[in-house]
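So the chains spell out like this:
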Amino acid sequence: MPRGPLGRRCPLTAPMQVVVLTESPLEEQLRIGDFCHARGICFIVADAKGLAGQLFCDFGECFVVDDPAEGDPVRAAVQHISQGNPGVVTYMGAEDSRGHLFCDGDLVTFSGVEGMTELNGREPVPVHVLDAFRLEIGDTSSFSPYRCGGLVSQVRLPQVHSYEPLRRALAEPQIQVASPEDLPRSRSLHAAFQALHAFRGEQGRLPRPRAPVDAERVLELARSLVAQEGSLDEDVVRAFASVSAGDLCPMAAVIGALAAQEVLKAITKKFLPLDQWLYFDALECLALEGAAQLTEDDCAPRGSRYDGQIAVFGAAFQEQLGRQKYLVVGAGAIGCELLKNFAMMGLAAGPGGDLTVTDMDTVALSNLHRQLLYRSADISKPKSVVAAAAVRHMNPSVRVTAHQNQVGPATEPLYGDNFFRRLDGVASALDTLEARAYLESRCFRCLTPLLDSGTEGPRGNVLAMVPRLTKLLEPAGAPGDGTFPRCTLRYFPRTIHHTLQWARDEFEGLFQLPAEHVNRFMEDPAFLEQLPAGKALEVLEQVRGSLWERPRDWQDCVHWARRHWQSCYHDAITQLLHTFPPEHETSPGVPFWAEDRSCPHPLTFDPDNDTHLEYILAAAHLFAQVHKVPPCSDRAATQTILRSMVLPPFAPQEGLQIPLTEEREEVQAPAVPRCKGTTLGVPVPPDGVRLAVLTQDLMQRRQELVGGEEAQVPLMEPIHFEKDNNIHVDFITAASNLRAENYGIPPADWLTSKRIAGRIVPAIITTTAAVAGLACLEVYKLVWGCRDPSCYRNSNLCLSNCLLLRIQPLPPPTYQYGGREWSSWDRLEMRAVGADGQEMTVQEVLDWLQRTHGWTVTMLLRGHTVLYDREEDEETRTRQRAQRLSENLEDAGEPGQRELELYYVCEGEDAEAEDARPPLLCSLP
């Protein structure tokens, strides 16, 4: 490496945007910091010592942040603008928005406004938010009356920020904290890191682990750096110094992720940079019972790859780490980071250790930018298998097993109570609320610690669920499934989410379902007999359409795509406007096209329009693939075909009924027009007659195909939407944006369309790395067997503004039942073995509850199965009491269950006790 301008060998001879120093002496930090500040080079210092880390950013005296906020600027469709001072803008919200779209002081511009055209193209104006749908924008009293249309768009102006050089920032630190209460601790760590540099300068080494003399010397040096007496938290400095020689993978992951995000900010000028110092520590780990008694000998180097960890927690703890049995559920972005950390930590790398990772998914191309264990050669391979191999490569001692199963009710024979009870912990890296809720219920039932991690873009969180110490994780509510009312999608879309969902439905209805139905019909026409008449008719119509419009070549595919374009974006809209003209009124003086209904306009096809042509190319390509016809990507040839086509004029149907609500949509579904062109609005005979005629025609066509040379098995190729297939996303993007143009909705670019239509949760590797590091810090406490709830932390971080909040988990809630207080973790456990050595009868269970707790049971249930009910007649009660528990299982179709959770109602219960009683867990012999 050439000798650079700093007087030592370095790469700073070439222009660069960012310089990052790690594990660097203070003198080097100051020298390079001065050099970078003088030349406008962004400068970052990242350092981790033991259980604490620091981050510093100097982005120069004039750093421009182009986009300081998360997400895209907000845009909304205008419904009305009043004339007044101030003028009031009414706009349409979106189903997926939470709270207000705009904030007080936001700058906005207007476009496409008809009537009050003075607003179009004006400089950004500030707004005052009145409510979720109204804004004040200043004086509009002299403007023309608003007529219709228009978009109001948020404008984000660049921000200029100035930063001090490291030399000055050391003496006058600007420290970023999550709350003011954290500032004294961060200031003490600021002094501690400087004192550590001074100690290293004196001694030529870091303080020896757990050496009181070295720790006291660091404290003396820190005192000399603090001007104000009493402002130094000496316990923090002493604890920091005692383990500063340690090197922990989770700490490196957190600090490294934060630093990497700051690098991205410097390069992209997206999000606000750190201003200017950040300190993070997990010194609460030293408060673990017994940790304070560790000696120099306990933490001395062993010549092991784990010496950096032994320096903090001791050699005995490292052996305990190796004996751990853990389950990692999910090998995606977070799962990869967790597994990497576990390998570096040596989790399950010793005798008796076991690390199980399970994931049903395979590696996809889109995974490679953030799931660090996978490479291009791994595409289409099982994630869990590849991840396990990567763990073994990083640390051959780790005993890791790969599964390809979902953890859910269907796999309880594999992941049952015994499996969970033998585990020391579970790390969840799941991306659905349902799966996370199920995993939580299994860990709760089996008293297994659970660490749940999640991310969304630059935000992430880690929740610790420790049996008997912390409250359960928040129950998962019913997640939104991305569905919208059908009439909204088909007739009255308001947002790009509506048009993208419509395009997804189009994709499935054109390229997947018809092909599946045709193949099944060709294989076995009798399957229709299992369907209701209405559904059978719908399927047969799809089969007929697919068989009668089979293409012979690429030109036929282009013709089909062009006809379908005309049907969707011109004919269907023309029909809608014929039924409900722009001036149509719901009642006198109340316009139909108002509030949540935007008046559409039909499109005119233009082969030179990029969006129009992209739609034709994508649709024709997919149609060709479905029918096993060779596709073509020649744009010029396709345009030539399109220019030669002449379509007949469209004539709207009279008296067509269009449902205006979801309920009417369901009732009138068979008569609703679809954008299929040829059958739009045509009166149809009763379902039974149509079904018989269609069946006869299609059976004849099937015989022709089966006996002819053109028959293939299967006849068609169904296509399932894949977010990583560019042709699929091309179709969705073009179809959605054309629909959006119909209704005056702002379009979405290709990447945004892919994200929304593919239901992709934004994920970046910096967030997943930080979250996994935070989770592994909690693993240390679990491995230690910590029973002090004050040592555990739930973490929330936001890398867009470099904020990290760690709080103690809440204790489990309690309730009163049967004259005593119970925790939500409490349960009644009973080995259901009777006096005769056989499994208990129901009567023996009732006797046990009476004898042990003094409760007289009036009803005993398992799920919805009643085992005993005191309100039944004597004969029934006698039979119920005499039954053994397994007999009831056999009646319920679950003869293999050996662990039962029973529900009971006791005499004299309060009404409030209905859902507040400890569960009864019975183990059958």
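Let us look at the structure shown here. (Residues numbered from 1 in each chain as written. Predicted model: local features only at pLDDT ≥ 70, side-chain atom pairs only at ≥ 80, totals over all residues. Heavy atoms only, no water.)

It is at 10 Å that the axes of helix H15 (residues 496–523) and helix H18 (residues 610–626) come closest, and there the two elements cross at 5 degrees. Here H15 lies roughly parallel to H18, going by the angle between them. For the pair H15 and H18, contact is made by Phe507, Phe511 and Ala515 and by Ala619, Leu622, Phe623 and Val626, respectively. Looking at the contact of H15 with H18, its residues break down into seven nonpolar, no polar and no charged. (Axes fitted to C-alpha atoms, helices over the stretch in contact; angles between N-to-C directions. Helix = DSSP H or I, 4+ residues; strand = E, 2+ residues; numbered from the N terminus. Parallel < 35°, antiparallel > 145°, perpendicular 65-115°, else oblique. Contact = heavy atoms within 4.5 Å. Nonpolar A, V, L, I, M, F, W, Y, C, P; charged D, E, K, R; others polar.)

Looking now at the side chain of Gln29. Within the element layout of this structure, Gln29 appears in helix H1 (residues 26–39). Contacts of Gln29, omitting those with residues within four sequence positions, involve Leu21, Ser24, Phe43, Val45, Leu166 and His197.

This paragraph deals with the sheet that holds strand E5 (residues 75–81). Within the open sheet, the seven strands sit side by side as E8-E7-E11-E5-E6-E10-E9. Their pairing is antiparallel. Whereas interior strands pair on both sides, the edge strands pair on one side only; in this sheet they are strand E8 (125–126) and strand E9 (128–131). Pairing of E5 with strand E11 (residues 151–155) involves three bridges; the strand directions are antiparallel. The partner of Ala76 across the bridge, within E11, is Val152. (Pairing = 2+ DSSP bridges.)

Glancing now at the nonpolar core. Of all hydrophobic cores here, the largest spans 123 residues; its most connected members are Phe43, Leu51, Leu55, Phe342 and Leu355. Here the element with the most residues in this core is helix H24 (residues 765–784); it accounts for 12 residues. Ignoring anything within four residues of it in the chain, the contact list for Leu55 reads Ile44, Val45, Ala46, Leu258, Ala259, Glu262, Leu274, Gln276, Trp277, Leu278 and Cys802. Phe511, Phe521, Ala561 and Leu576 belong to the second largest nonpolar core, which has 64 residues in total. (Core = buried A, V, L, I, M, F, W, Y, C linked by side-chain atoms within 4.5 Å. Buried < 20%, exposed > 50% of the residue type's maximum accessible area, 1.4 Å probe, protein only.)

On to the pattern of salt bridges, then. This model, assessed by the stated rule, comprises 39 salt bridges. For Arg436, the salt bridge is made with Asp452, and the minimal N-O distance between the two is 2.8 Å. Within this pair, whereas Arg436 is found in helix H13 (residues 433–446), its partner Asp452 is found in strand E18 (residues 450–456), the two being separated by 16 residues in sequence. Asp452 matches Arg436 in its accessibility class, with the two residues each being buried. (Salt bridge = Lys/Arg side-chain N within 4 Å of Asp/Glu carboxyl O.)

Take the sheet that holds strand E28 (residues 865–869) next. As a general point, the strands of a sheet are linked pairwise by backbone hydrogen bonds and lie either parallel or antiparallel. With mixed pairing, five strands are arranged side by side in an open sheet as E26-E30-E29-E27-E28. Every interior strand has two partners, whereas the edge strands, strand E26 (828–831) and E28, have only one. Geometrically, the sheet is characterised by an average inter-axis angle of 25 degrees between neighbouring strands, direction not taken into account. Against the sheet, helix H25 (residues 842–853) engages E26, strand E27 (857–862), E28, strand E29 (899–906) and strand E30 (920–923), with an angle of about 130 degrees to E26.

This next bit is on the environment of Ile267. Within the secondary structure layout, Ile267 lies in helix H6 (residues 249–268). For Ile267, a relative accessible area of 43% gives the class partly exposed. Expressed as a C-alpha distance, the spacing of Ile267 and Val18, which sit 249 residues apart in the sequence, is 7.6 Å. Those residues in contact with Ile267 that lie beyond four places of it in its chain are Gln17 and Val18.

This part covers H18. With 17 residues, H18 extends 24 Å from end C-alpha to end C-alpha; this agrees with the ideal 24 Å at 1.5 Å per step. Summarising burial for H18: 12 of the 17 residues are buried, a large majority. Those residues of H18 that sit buried are His612, Leu613, Tyr615, Ile616, Leu617, Ala618, Ala619, Ala620, Leu622, Phe623, Ala624 and Val626. Buried residues along H18 sit against H15, helix H17 (554–579), helix H19 (635–643) and helix H22 (726–742). Where H18 starts, the residue carrying a side-chain oxygen 2.9 Å from the main-chain nitrogen of Thr611 turns out to be Asn609. Directly after H18, the chain includes Lys628, whose backbone phi takes a positive value near 60 degrees. (Expected span 1.5 Å × (residues − 1). Polar contact = N/O pair within 3.5 Å; in protein donor to acceptor, adjacent residues only side chain to side chain.)

On the surface, Glu871, Glu872, Asp873 and Glu875 cluster together into a negatively charged patch. Along the chain, the position of Glu875 falls in helix H26 (residues 874–882). A relative accessible area of 68% means that Glu875 is categorised as exposed. (Patch = residues over 30% accessible without salt bridge, like charges linked within 9 Å, V, L, I, M, F, W, Y side chains within 5 Å. Areas by Shrake-Rupley, 256 points an atom, 1.4 Å probe, with all protein chains shown as cover. Lys, Arg positive; Asp, Glu negative; His and termini not counted. Charge placed at Lys NZ, Arg CZ, Asp CG, Glu CD.)

Turning our eyes to something else, we now look at H19. Three or more residues of H19 are buried, namely Thr638, Gln639, Ile641 and Leu642. Across the axial projection of H19, the buried residues extend over an arc of 160 degrees, all falling on one side. Along its buried surface, H19 packs onto H17 and H18. Where H19 begins, the side chain of Asp634 points an oxygen toward the backbone nitrogen of Ala636, at a separation of 3.1 Å. (Arc of directions from axis to C-beta.)

With an omega dihedral of 5 degrees, the bond running from Asn85 to Pro86 counts as a cis peptide bond. Topologically, Pro86 is positioned in the loop between E5 and strand E6 (88–91). The step from Asp275 to Gln276 runs through a cis peptide bond, and the omega angle for that step is -25 degrees. Its identity as a non-glycine residue notwithstanding, Lys269 has a phi of 60 degrees, on the positive side. Within the secondary structure layout, Lys269 lies in the loop between H6 and strand E13 (277–281). The backbone of Lys628 sits at a positive phi, close to 60 degrees, despite the residue not being glycine.

Per the counting criterion, the structure on display carries 37 aromatic pairs. Centre to centre, the rings of Tyr91 and Phe102 are 5.3 Å apart; their planes meet at 85 degrees, and the pair counts as edge-to-face. Separated by 11 residues along the polypeptide, Tyr91 in strand E6 and Phe102 in the loop between E6 and strand E7 (107–111) bring together distant segments of the chain. Both residues of the pair, Tyr91 and Phe102, count as buried. Ring centres of Tyr491 and Phe492 lie 6.0 Å apart, and the angle between their planes is 55 degrees; on these two criteria the pair is classed as tilted. Each member of the pair, Tyr491 as well as Phe492, carries the same accessibility label: buried. Taken together, the aromatic side chains of Trp502, Phe507, Phe511, Trp560, Trp565, Tyr569, Phe605, Tyr615, Phe623, Phe721 and Phe731 make up a single cluster linked through ring pairs. Across from the ring centre of Tyr904, 5.8 Å away, lies the NZ or CZ of Arg917, which sits over that ring. (Phe/Tyr/Trp six-rings, centres within 6.5 Å; stacked < 30°, edge-to-face > 60°. Lys NZ or Arg CZ within 6 Å of the ring centre and 35° of its normal.)

Before going further, it helps to spend a moment on the pairing of E13. Where burial is concerned, most of E13 is hidden: five out of the five residues are buried. Here E13 shows a buried face lined by Trp277, Tyr279 and Asp281 and a second buried face lined by Leu278 and Phe280. Where strand E3 (residues 52–58) meets E13, five bridges bridge the pair, whose relative direction is antiparallel. Opposite Phe56, over in E13, you have Trp277 as the bridge partner.

Along the chain, Arg917 turns up in the loop between E29 and E30. Within the structure, Arg917 has its side chain in polar contact with the backbone oxygen of Tyr904 (distance 2.8 Å). Sequence-distant contacts of Arg917, defined by excluding residues within four places in its chain, comprise Tyr815, Tyr817, Tyr903, Tyr904, Val905 and Glu909.

In this structure, Ser141 sits in the loop between strand E10 (134–136) and E11. Here Ser141 falls in the partly exposed class, since its relative accessible area comes to 42%. Separated by 59 residues in the primary sequence, Ser141 and Ser82 have C-alpha atoms spaced 8.1 Å apart. The residues touching Ser141, leaving out its near neighbours within four places in the chain, are Gln83 and Gly84.

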